[in-house]
Amino acid sequence: HTRFRNVTGVQTCALPICARIHALRNRTHEKLDGLLAACTQPMTIHALLLALHPRLRPIQAVLLLDQTAALAEYLAGTGDLSENVREDGAGLFTRA
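Summarised in this report is the structure supplied together with it. These numbers come from a predicted model, not from an experiment.

Next up on the list: the environment of Met43. Mapped onto the elements of the fold, Met43 is located in the loop between helix H1 (16–38) and helix H2 (45–52). Under the relative-accessibility criterion, Met43 is labelled buried at 8%. In this structure the C-alpha to C-alpha distance between Met43 and Gly91, which are 48 residues apart in sequence, comes to 7.9 Å. Each residue touching Met43, except ones within four places of it in the same chain, is listed here: Ala38, Leu48, Ala51, Gly91, Leu92 and Phe93.

Written as C-alpha cells, this is what we have:
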C-alpha cells in the first residue's frame, strides 16, 4: 500500500491526516495574519494576547500565552515584527 500519490509530478499524501495537516497549516497562517493585524503599536505578548482574544477567561489566557509568544517570535524571526526590550525586561513587538 502506498500512502502517497503522484499528482502532476508532485507527491502528495493520500491519507486523511494530510487534510488535517493542511487545515492546521492554514489555521496557523490565519493566526499569524491576525497577530500582525493586531500589532498596531508596540505591544507585549500579553497585550497581543488580549487584542487577539479579548473575551478570554484567565485560565484560557494562560493556555494561549505560549502560543501567542511563539507566533510573535516566529514573526520576529521572519522580519515581519521587530522586538525591543522595555526597561522592565518585557519584550515589545512592533510591525516591521
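What follows deals with the pairing of strand S4 (residues 91–95). Burial analysis of S4 places four of its five residues in the buried class, the great majority of the element. Judged from the five bridges that link them, strand S3 (residues 81–85) and S4 form a sheet pairing that is antiparallel. Residue Val85 lies in a different strand from S4, and its bridge partner there is Gly91. Where S3 hands over to S4, the hairpin turn is made up of five residues, of which Gly89 adopts a positive phi near 95 degrees.

Attention now goes to the packing of H2 against helix H3 (residues 58–78). Each pair of packed helices gets described by two things: the angle between the helix axes and the distance between those axes. Closest axis-to-axis distance for the H2/H3 pair is 9 Å, and the angle between their directions is 110 degrees. Here H2 lies roughly perpendicular to H3, going by the angle between them. Facing Ile45, His46, Leu48, Leu49 and Leu52 of H2, the residues of H3 in contact are Ala61, Leu64, Leu65, Thr68, Ala69 and Ala72. For the contact of H2 with H3, a count of residues per class yields nine nonpolar, two polar and no charged.

Here is what the cut-offs are and how they apply
- Residues numbered from 1 in each chain as written.
- Predicted model: local features only at pLDDT ≥ 70, side-chain atom pairs only at ≥ 80, totals over all residues.
- Heavy atoms only, no water.
- Helix = DSSP H or I, 4+ residues; strand = E, 2+ residues; numbered from the N terminus.
- Buried < 20%, exposed > 50% of the residue type's maximum accessible area, 1.4 Å probe, protein only.
- Contact = heavy atoms within 4.5 Å.
- Pairing = 2+ DSSP bridges.
- Axes fitted to C-alpha atoms, helices over the stretch in contact; angles between N-to-C directions.
- Parallel < 35°, antiparallel > 145°, perpendicular 65-115°, else oblique.
- Nonpolar A, V, L, I, M, F, W, Y, C, P; charged D, E, K, R; others polar.

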